[in-house]
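What follows is each chain in one-letter form.
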Amino acid sequence: MSADDCPARATITPYPDGPLLVRGDFALVTPEGQAIDARRGVVALCRCGRSALKPFCDGSHKAVGFRAGTDREG
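Residues numbered from 1 in each chain as written. Predicted model: local features only at pLDDT ≥ 70, side-chain atom pairs only at ≥ 80, totals over all residues. Heavy atoms only, no water.

## Things to note about the pairing of strand E5 (residues 42-45)
Judged by which residues are buried, E5 turns out to be one-sided: Val43 and Leu45 face inward and are buried, whereas Val42 and Ala44, on the alternate face, are not. Across 4 bridges, strand E2 (residues 20-24) lies against E5 in antiparallel orientation. By the bridge assignment for E5, arginine 23 is matched with valine 42. (Buried < 20%, exposed > 50% of the residue type's maximum accessible area, 1.4 Å probe, protein only. Helix = DSSP H or I, 4+ residues; strand = E, 2+ residues; numbered from the N terminus. Pairing = 2+ DSSP bridges.)

Have a look at this one:
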C-alpha cells in the first residue's frame, strides 16, 4: 500500500536513523492533552531521545550514532 492509497490529513515518514517527519494537518499534544505549538506544517520529531528540543529533532541522532532499525517490508 502506498501513501496515495490512503487519504490522510497528515503523513508521517520515518527517516532512516533519523527523525519522524510529520507533514500536513496535525496537532501535537502532551500526554495530558496540552497543545504543543508545532509552528509550521512540517516538523521533525525526535526518535533518538537525545534532542534538547524534545519533542522536536535537533540533529542529536547524528552525534550519538542512533540506529532506528526501520528495515521493514510492508
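There is more to say after this.
## Here's the deal with unusual backbone geometry
A negative phi angle is the norm for most residues apart from glycine, just as the trans form is the norm for most peptide bonds. The omega torsion across lysine 54 and proline 55 is 10°, close enough to zero to call that bond cis. Examined against the element boundaries, proline 55 turns out to sit in the loop between E5 and helix H1 (60-64). Backbone geometry places aspartate 17, a non-glycine residue, at a positive phi of 55°. Mapped onto the elements, aspartate 17 comes out in the loop between strand E1 (10-14) and E2. Judged by its relative accessible area of 27%, aspartate 17 is partly exposed. The backbone of arginine 39 shows a phi angle near 70°, a positive value even though the residue is not glycine. Structurally, the position occupied by arginine 39 is in the loop between strand E4 (35-36) and E5.

## A look at the environment of serine 60
With respect to the secondary-structure elements, serine 60 resides in helix H1. Residues serine 60 and cysteine 48 lie 12 residues apart in sequence; the distance between their C-alpha atoms is 7.7 Å. Discounting residues that sit within four places of it in the chain, serine 60 has contacts with Cys48, Arg50 and Ser51. (Contact = heavy atoms within 4.5 Å.)

## Considering the environment of valine 43
Relative to the helices and strands, valine 43 resides in strand E5. Take valine 43: its relative accessible area is 4%, and that puts it in the buried class. In sequence terms valine 43 and leucine 21 are 22 residues apart; their C-alpha atoms lie 5.7 Å from each other. Among residues more than four places away in sequence, those in contact with valine 43 are Leu20, Leu21, Val22, Phe26, Leu28, Ala38 and Phe56.

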